[in-house]
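Observations on the model geometry
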Amino acid sequence: MVPLTPRQLLDRLVGFPTVSRLSNLDLIDWLEGYLASHGIAAHRHWNEDRSKAALFGHVGPLVEGAVVLSGHSDVVPVEGQTWTTDPWTVTERDGRLYGRGTCDMKGYVALAIWTLVEGQRRGLSTPLQLALSYDEELGCTGAPPMIAAMQGVVPKGGAVIVGEPSRMDLITGHKGGTGYHVHVKGYEVHSSLLPYGVSAIMDGARLIGCANDQNAVLQALVPTPAAARFVPPFTTLHVGMIQGGTAHNITAADCRFAVEMRVIPGEDIAALEARFRAEAARLDAAIKAARPEAGVTLDHFFGVPALRPEKDGVAEALVRRLTGANTSGVVSYGTEAGQFQEAGYSAVVCGPGDIAQAHQPDEFLDLSEFHAGHRFMENLLDALA
Ligand SMILES: [Zn+2]
């Protein structure tokens, strides 16, 4: 296959509607074939029901210390959004590339694939790897099994560049995250008999109240120097969805909501979670004392480690050299960089596009950002030659 340009690669990638709830196998099949046609043997790591796969590949000498270009194949849905272009076709207009995933993060993935193939064609003295995950948008659940699968199949990489949109700024830290689905099971009675039933909603509200109280405590703390770099400069708890109840005059049989916590690097996620679980256990016991069949259950649905700024980090030094950056930043959203770091890699975030355009209707990537990413990859190829 003739090598495709970054722009042609982006067109191909956006054409696969790899929304997280759907399979990404069409994209993976195509990419595996494309890489194979350039002599690059890629490896798959399947999810449990084999509906999706991660793909990783290695070019250059079979030694440790590769630069790892890391991205995710999935995108968020378009349902309920008003698009003025076809989300699954790249539309160029006014210096922007419109399409679902152009910004988050198929633009970077296109550049990474291009770089891998170029590296293979030009020959490298330092190896390069591509790591493409799935289910990132569901809470970064696809990367850890992929990272585990990479061990022993390809030599361990050294510096990981996660290309989430950062306007090509160097990001050395991000908050960690963790999330729980909460189900409060109540007991239905006529609301006039409230004390003899259990309102799942009113008891759920107690737990949400604990999250509010916790926020007030966290917000009142004087930020540590590490925390002061973040916006906001403290850990937050958030409830983004809730459902429950059937009528104003029936105590609610069920209340479900999701709590997520965004945690400053260096702060103790486990302790924060333990406090929340203890509150839930207390509430569960109180409910069960009234109605043994009712209670509270928690389902931990995601956990993403924070990215801690590294002392003399290899990945940071590399990106500084490639971009000329002499400053670094931190962000409040989670990425797979924290997961690579937890697995023993040096990791940073640096990618084209602005996070403000991610997940939006008419998502776009500025052409200037795409070109900046291309220059970055050219510099990387020179550095690895
Ligand atoms: Zn992303």
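The following paragraphs examine the structure supplied in this document.

Cut-offs applied
- Residues numbered from 1 in each chain as written.
- Predicted model: local features only at pLDDT ≥ 70, side-chain atom pairs only at ≥ 80, totals over all residues.
- Heavy atoms only, no water.
- Donors = N, O, S within 2.8 Å, 3.2 Å for Na, K, Ca; no water.
- Tetrahedral: all angles 85-135°; square planar, octahedral: opposite > 155°, others 65-115°.
- Buried < 20%, exposed > 50% of the residue type's maximum accessible area, 1.4 Å probe, protein only.
- Pairing = 2+ DSSP bridges.
- Helix = DSSP H or I, 4+ residues; strand = E, 2+ residues; numbered from the N terminus.
- Axes fitted to C-alpha atoms, helices over the stretch in contact; angles between N-to-C directions.
- Contact = heavy atoms within 4.5 Å.
- Arc of directions from axis to C-beta.
- Salt bridge = Lys/Arg side-chain N within 4 Å of Asp/Glu carboxyl O.
- Patch = residues over 30% accessible without salt bridge, like charges linked within 9 Å, V, L, I, M, F, W, Y side chains within 5 Å.
- Areas by Shrake-Rupley, 256 points an atom, 1.4 Å probe, with all protein chains shown as cover.
- Phe/Tyr/Trp six-rings, centres within 6.5 Å; stacked < 30°, edge-to-face > 60°.

1. Regarding the coordination of the zinc ion
The coordination sphere of the zinc ion contains the protein donors His72 (NE2), Asp104 (OD), Glu164 (OE) and Glu164 (OE), at a distance range of 1.8 to 2.4 Å. One can describe the donor arrangement at the zinc ion as irregular, given that its 4 donor atoms subtend angles of 55 to 141° at the metal. Its relative accessible area of 0% is what places His72 among the buried residues. Overall, the relative accessible area of 3% leaves Glu164 in the buried class.

2. Considering the sheet that holds strand E5 (residues 96-98)
The strand order across the open sheet formed by 3 strands is E4-E5-E15, and the pairing between neighbours is antiparallel. Edge positions in the open sheet fall to strand E4 (91-93) and strand E15 (364-366), since each of these has one partner strand only. Within this sheet the neighbouring strands show an average axis-to-axis angle of 25°, counted without direction. In the sheet, E5 pairs with E15 via 3 bridges, with the strands oriented antiparallel. Within the sheet, the bridge partner assigned to Arg96 lies in E15 and is Asp366. Contacts from helix H10 (residues 367-384) reach E4, E5 and E15 within the one sheet, and its direction differs from that of E15 by about 65°.

3. A word on helix H8 (residues 314-323)
What H8 keeps buried is the set Ala315, Glu316, Leu318, Val319 and Leu322. Within H8, the buried residues cover an arc of 160° as seen down the axis, which keeps them to one side. Exposed and facing more than 90 degrees away from the buried side of H8 are Val314 and Arg321. Among the structural elements, strand E3 (67-72), strand E7 (159-162), strand E8 (171-174), strand E14 (346-349) and H10 are those in contact with the buried residues of H8. Of the residues trailing H8, Gly324 is marked for its positive phi of about 75°.

4. A few points about the pattern of salt bridges
Oppositely charged side chains can form a pair if their charged atoms are brought close together. By the definition in use, this model includes 19 salt bridges. With a closest N to O distance of 3.5 Å, Glu369 and Arg167 form a salt bridge. Highlighted residues: Glu369 in helix H10 and Arg167 in the loop between E7 and E8, separated in sequence by 202 residues. The buried category is assigned to Glu369, whose relative accessible area is 8%. Judged by its relative accessible area of 38%, Arg167 falls in the partly exposed class. The partner of Arg206 in a salt bridge is Asp203, and the shortest N-O contact between them spans 2.8 Å. You can see Arg206 and its partner Asp203 sitting in helix H5 (residues 200-220), 3 residues apart, about one turn around the helix. You can call Arg206 exposed: its relative accessible area is 54%. Taken together, the shared-partner salt bridges in this structure form one network comprising Glu118, Arg121, Arg122 and Glu378.

5. Considering a nonpolar patch on the surface
There is a patch of nonpolar side chains on the surface, built from Leu194, Ile201 and Met202 and spanning about 250 Å² of accessible area. With respect to the secondary-structure elements, Leu194 resides in the loop between strand E9 (176-185) and H5. Judged by relative accessible area, Leu194 falls into the partly exposed class, the value being 37%.

6. Quick word on the packing of aromatic side chains
Per the stated rule, a full pass over the model turns up 6 aromatic pairs. Plain terms: the ring middles of Tyr180 and Phe276 are 5.8 Å apart, the flat faces sit at 40° to each other, and that makes the pair tilted. Here the residue Tyr180 occupies a position in strand E9, and Phe276 occupies one in helix H7 (residues 269-290), the gap between them amounting to 96 residues. For Tyr180, a relative accessible area of 4% corresponds to the buried category. Classification of Phe276 by relative accessible area gives buried; the value is 5%. Taking the centre distance of 5.2 Å and the plane angle of 65° together, the rings of Phe301 and Phe302 count as edge-to-face. Overall, the relative accessible area of 28% leaves Phe301 in the partly exposed class.

Remember that the coordinates give geometry; whether it matters functionally is a separate question.
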